[in-house]
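The lines below spell out each chain.
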Amino acid sequence: MQDGRGFERWLAKRQTAPQTTDDRVYAQYLDQALGLSAQREAGRTHSGVPGGPDPSEGISDDRLYARFRSELDGSAARRRAEDQARQERRDRQEEHRRHAREMGFPTRAQYQDGA
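Residues numbered from 1 in each chain as written. Predicted model: local features only at pLDDT ≥ 70, side-chain atom pairs only at ≥ 80, totals over all residues. Heavy atoms only, no water.

Applying the stated criterion across every chain yields a total of 2 aromatic pairs. Ring geometry for Tyr65 and Phe68: centres 6.4 Å apart, planes at 35 degrees, overall tilted. With Tyr65 and Phe68 both in helix α4 (residues 61-73) and 3 residues apart, the pair spans about one turn of that helix. (Phe/Tyr/Trp six-rings, centres within 6.5 Å; stacked < 30°, edge-to-face > 60°. Helix = DSSP H or I, 4+ residues; strand = E, 2+ residues; numbered from the N terminus.)

See below:
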């Protein structure tokens with residue numbers, strides 16, 4: 001039935017008619033459901049803010065790919081955890097030093113600067 005003259009006229013009329021809200025919503029639904037928008041946006045970084053700055057500005061593709069791979073293999077998470085543990089240790093050392101100064105006690109060897 002789609003090869004008849006009536007369908008051709010309907011199709012021509014449909015193509016020239018302005019889009020309704022329903023047409024736009026359905027087109028957006030198809031775009032998301034078929035993954036077309038994901039294909040268009042693949043490999044691009046996003047700032048999370050519509051129209052915001054491109055966070056990859058000034059970073060080479062090799063460096064971005066290395067970051068991506070480190071996230072996939074878990075090395076980035078391990079690195080962040082180690083950095084956080086080091087920071088917590090520094091904070092704890094500073095807290096012990098501050099407490100020793102306030103109380104007038106000598107600082108333990110493990111909390112001295114060289115340790």
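Read on, since the account is not over.
Contact geometry of α4 with helix α5 (residues 75-103) gives a least axis separation of 5 Å together with a crossing angle of 80 degrees. Here α4 lies roughly perpendicular to α5, going by the angle between them. Across the interface between the two elements, Ser70, Glu71 and Asp73 from α4 touch Ser75, Ala76, Arg78, Arg79 and Arg80 from α5. Split into classes, the residues belonging to the contact of α4 with α5 amount to 1 nonpolar, 2 polar and 5 charged. (Axes fitted to C-alpha atoms, helices over the stretch in contact; angles between N-to-C directions. Parallel < 35°, antiparallel > 145°, perpendicular 65-115°, else oblique. Contact = heavy atoms within 4.5 Å. Nonpolar A, V, L, I, M, F, W, Y, C, P; charged D, E, K, R; others polar.)

Okay, α5 next. Residues three or four positions apart in an α-helix share a direction because the helix packs 3.6 residues into each turn. Its 29 residues place the ends of α5 42 Å apart at the C-alpha level, agreeing with the 42 Å of an ideal helix rising 1.5 Å per residue. Those residues of α5 not exposed but buried are Ser75, Ala76, Gln93, Arg97 and Ala100. Against α4 lie the buried residues of α5. Of the residues one or two after α5, Gly104 is the one with positive phi, at around 80 degrees. (Expected span 1.5 Å × (residues − 1). Buried < 20%, exposed > 50% of the residue type's maximum accessible area, 1.4 Å probe, protein only.)

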